[in-house]
Amino acid sequence: MKDKNAWTSYTETDLAAVEELSKGYIDFMSTAKTERECVDLFVDMAEKRGYRDLRDVIAAGDSLTVGSKIYAVNMKKALLLLNVGEDLINNGMNILGAHIDSPRLDIKQNPLYESDDFAYLNTHYYGGVKKYQWVAIPLAIHGVFARKDGTVVKVNVGEDPADPVFFITDLLPHLAHEQMEKTATKIIEGENLDLTVGSTPLTGVEKNAVKANILKLLKEKYAIEEEDFLSAELEVVPAGRAREAGFDRSMILAYGHDDRSCAYTEAVAFLEVTAPTKTACALFVDKEEIGSIGATGMESHFFEDTVREVLGRMGIYSELNLTRVLRNSRMLSSDVSAAYDPLFQDRFERANAALLGHGLSINKYTGAGGKFHCNDANAEYLAVVRRIFDDNHVTFQTAELAKVDAGGGGTIAYILSLYDMQVVDSGVPVLSMHAPWEAVSKADLYEAKKGYVAFLLDA
Ligand code: MN
Ligand code: MN
């Protein structure tokens, strides 16, 4: 019923479009590795298409009407795009929602120390990582220092080929007999994920001279003091560009396909749709990997409050109208699914797994065990989504994350469903999810983008 490899249906025109999308995606994945960088880039893309900052619209006292295009940024780490359609907004919006945070190592608030002529930055891992995967690979630092005077300086070291990179050491196999007896969660301890950042002492300094040298270099480059680490957000991510993978170049290896493969295809699809019938909305949220909490996560009031402002600018704000807009909306929660891996086939049930290269994956439910904590999409809504994808020749498949009782996961779907909204997960299948380098199929990116466009255009 579902064994259709997307590549078999492609014409020359399709193949050219697959390559064009992939090329843009590889550039995006190579530069926007954090939530802040994604927001900056998407805002830039939106402004070029005529989108205005909602704050400016409010400040100018302008109203929003059919064809108005706005964006709203939340604390530089979450973003909403909205394109007002012809149809009455009370009849609901078509919403896409992806997350732009990925598993990584965050630098602690008091991180810099010296030990035996090495300088280190202490980290605290973020999200579900296999800690042993983060040692002995080149790492980059992306983020910001916020100074007490209110200025913010951006940091990005390890991406330019001329930049230095950083690393975390592992033990040589010759001495690792004891280490290799440990369980995988203990092979590398979280507290030992300390980033090596230097090894030369500053001349004329007696004590902690290597650390002093690092602080001198940081002061020269960023005009910061050691205390400025207290108000910094610095993220350690795999260094280097995303790459085409396979002799046939059919796949892409990159850091953070979860969930930037969906975020990018969502942004491209959203900006391609110029005049939707229903009001179109795109969400890009932070903190999904740690439970969607906090001001920039999906559980924040940001989305609802932004819709309030929009209704206000349309001159139709009331709590009842807000309720109607939200409950009449429908959403594709654009998040990745685990791709079926032939090397780990006992974790999957193939007929209900997302196959790489077989198109956009629809996950009716996620959760774990007896579907605990999942958003179980309605059959009627799945019929709508099937109709949209079939009518627009989108190659899609239905999937569960894994076989029954093999594990589980969650997305932002359940949070939006609380508005009585129709929501289903749909996204790109990913191999080696949450590893420093994950893999996707170019075909699945293309089908995701096609599917998202078709969804936004559906009246
Ligand atoms: Mn995800
Ligand atoms: Mn994830």
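Structure first, text after, so check above.
Residues numbered from 1 in each chain as written. Chains lettered and ligands numbered in written order. Predicted model: local features only at pLDDT ≥ 70, side-chain atom pairs only at ≥ 80, totals over all residues. Heavy atoms only, no water.

**Notes on the packing of aromatic side chains**
Item 1. Following the criterion strictly, the structure yields 16 aromatic pairs and no others.
Item 2. Clustering of aromatic rings is evident, with ring pairs tying together Tyr 25, Phe 28, Phe 42, Tyr 264 and Phe 284.
Item 3. Over the ring of Tyr 126 we find Arg 104, and its NZ or CZ is 3.7 Å from the ring centre.
Item 4. Directly above the ring of Tyr 340 sits Arg 350, whose terminal nitrogen or CZ lies 5.7 Å from the centroid. (Phe/Tyr/Trp six-rings, centres within 6.5 Å; stacked < 30°, edge-to-face > 60°. Lys NZ or Arg CZ within 6 Å of the ring centre and 35° of its normal.)

**A word on the pairing of strand 5 (residues 104-115)**
A regular strand places its side chains on the two faces of the sheet in alternate fashion.
Item 1. Relative to strand 6 (residues 118-126), strand 5 runs antiparallel, the two being bridged by 8 bridges. Bridging across to strand 6, Ser 115 finds its partner in Phe 118. (Pairing = 2+ DSSP bridges. Helix = DSSP H or I, 4+ residues; strand = E, 2+ residues; numbered from the N terminus.)

**Structural notes on the nonpolar core**
Item 1. Of all hydrophobic cores here, the largest spans 60 residues; its most connected members are Phe 42, Leu 81, Phe 284 and Leu 332.
Item 2. A total of 9 residues in this core trace back to one element, the largest contributor, which is helix 12 (residues 442-457).
Item 3. Beyond its immediate chain neighbours, meaning those up to four positions away, Phe 284 contacts Phe 42, Lys 77, Ala 78, Leu 79, Leu 81, Ala 98, Ile 100, Ala 263, Glu 266 and Ala 267.
Item 4. Core analysis: the second largest hydrophobic core is formed by 35 residues, Trp 134, Val 135, Leu 218 and Val 236 among them. (Core = buried A, V, L, I, M, F, W, Y, C linked by side-chain atoms within 4.5 Å. Buried < 20%, exposed > 50% of the residue type's maximum accessible area, 1.4 Å probe, protein only. Contact = heavy atoms within 4.5 Å.)

**Some remarks on helix 1 (residues 12-31)**
Item 1. Here helix 1 spans 29 Å end to end across 20 residues, near enough to the 28 Å set by a 1.5 Å rise per residue.
Item 2. Those residues of helix 1 lying buried are Asp 14, Val 18, Leu 21, Ser 22, Tyr 25, Ile 26, Phe 28, Met 29 and Ser 30.
Item 3. Along its buried surface, helix 1 packs onto helix 2 (35-48), strand 11 (243-245), strand 12 (251-254), helix 7 (257-272), strand 22 (438-441) and helix 12. (Expected span 1.5 Å × (residues − 1).)

**Focus: the coordination of the manganese ion (ligand 2)**
Item 1. Coordination of the manganese ion (ligand 2) by the protein comes from Asp 258 (OD), Glu 289 (OE), Glu 289 (OE) and His 434 (NE2), over a distance range of 2.0 to 2.5 Å.
Item 2. All donors of the manganese ion (ligand 2) belong to a single chain; written as a sequence motif, their spacing is D-x30-E-x144-H.
Item 3. Distance-wise, the manganese ion (ligand 1) is placed 3.5 Å from the manganese ion (ligand 2), both being coordinated by Asp 258. Note that Asp 258 is positioned in helix 7 and His 434 in the loop between strand 21 (429-430) and strand 22, a separation of 176 residues in sequence. (Donors = N, O, S within 2.8 Å, 3.2 Å for Na, K, Ca; no water.)

**A look at the coordination of the manganese ion (ligand 1)**
Item 1. Binding of the manganese ion (ligand 1) to the protein goes through His 99 (NE2), Asp 258 (OD), Asp 335 (OD) and Asp 335 (OD), at separations of 2.2 to 2.7 Å.
Item 2. For the manganese ion (ligand 1), the donor residues sit on a single chain with the sequence spacing H-x158-D-x76-D.

**So, the packing of helix 7 against helix 12**
Item 1. Running from N to C, helix 7 and helix 12 point in directions that differ by 45°, and their axes come no closer than 8 Å. On the basis of the axis angle, helix 7 is oblique to helix 12. For the pair helix 7 and helix 12, the sense of crossing is right-handed. Between helix 7 and helix 12, the contacting residues are Ser 261, Cys 262, Thr 265, Glu 266, Val 268, Ala 269, Phe 270 and Glu 272 on the first element and Leu 445, Ala 448, Lys 449, Tyr 452, Val 453 and Leu 456 on the second.
Item 2. Residue composition of the contact of helix 7 with helix 12, grouped by class: 9 nonpolar, 2 polar and 3 charged. (Axes fitted to C-alpha atoms, helices over the stretch in contact; angles between N-to-C directions. Parallel < 35°, antiparallel > 145°, perpendicular 65-115°, else oblique. Left-handed = near helix turned anticlockwise from the far one by under 90°. Nonpolar A, V, L, I, M, F, W, Y, C, P; charged D, E, K, R; others polar.)

**Quick word on the sheet that holds strand 2 (residues 69-74)**
The strands making up a sheet associate through backbone hydrogen bonding, with each pair oriented either parallel or antiparallel.
Item 1. Reading across the sheet, the 9 strands line up as 1-2-3-13-4-14-20-16-18 and stay open at both edges, with mixed pairing between neighbours. Every interior strand has two partners, whereas the edge strands, strand 1 (52-53) and strand 18 (396-398), have only one.
Item 2. In this sheet, strand 3 (residues 78-83) lies alongside strand 2 in antiparallel orientation, the contact comprising 6 bridges. For Ile 70, the partnering residue across the bridge sits in strand 3 and is Leu 82.
Item 3. Together, strand 2, strand 3 and strand 13 (279-285) form the strand contacts of helix 2, whose direction differs from that of strand 3 by roughly 20°.

**Details of the sheet that holds strand 12**
Item 1. Taken together, the 3 strands give an open sheet; going across it, the order is 11-12-22, and neighbouring strands pair in antiparallel fashion. The outermost strands of the open sheet, each flanked by one partner alone, are strand 11 and strand 22. Across the sheet, the axes of successive neighbouring strands diverge by a mean angle of 35°, strand direction being ignored.
Item 2. Sheet analysis places strand 11 next to strand 12, joined by 3 bridges and oriented antiparallel. Among the inter-strand pairings, Glu 244 is bridged to a residue of strand 12, identified as Ile 252.

**Digging into the packing of helix 2 against helix 7**
Item 1. Direction vectors running N to C along helix 2 and helix 7 enclose 15°, while the axes themselves pass 11 Å from each other. The pairing of helix 2 with helix 7 is recorded here as roughly parallel in orientation. Considering the relative orientation of helix 2 and helix 7, their crossing is right-handed. Each of Cys 38, Phe 42, Met 45 and Ala 46 in helix 2 lies in contact with helix 7, whose residues at this interface are Arg 260, Ala 263, Tyr 264, Ala 267, Val 268 and Leu 271.
Item 2. The residue inventory of the contact of helix 2 with helix 7, partitioned by class, reads 9 nonpolar, no polar and 1 charged.

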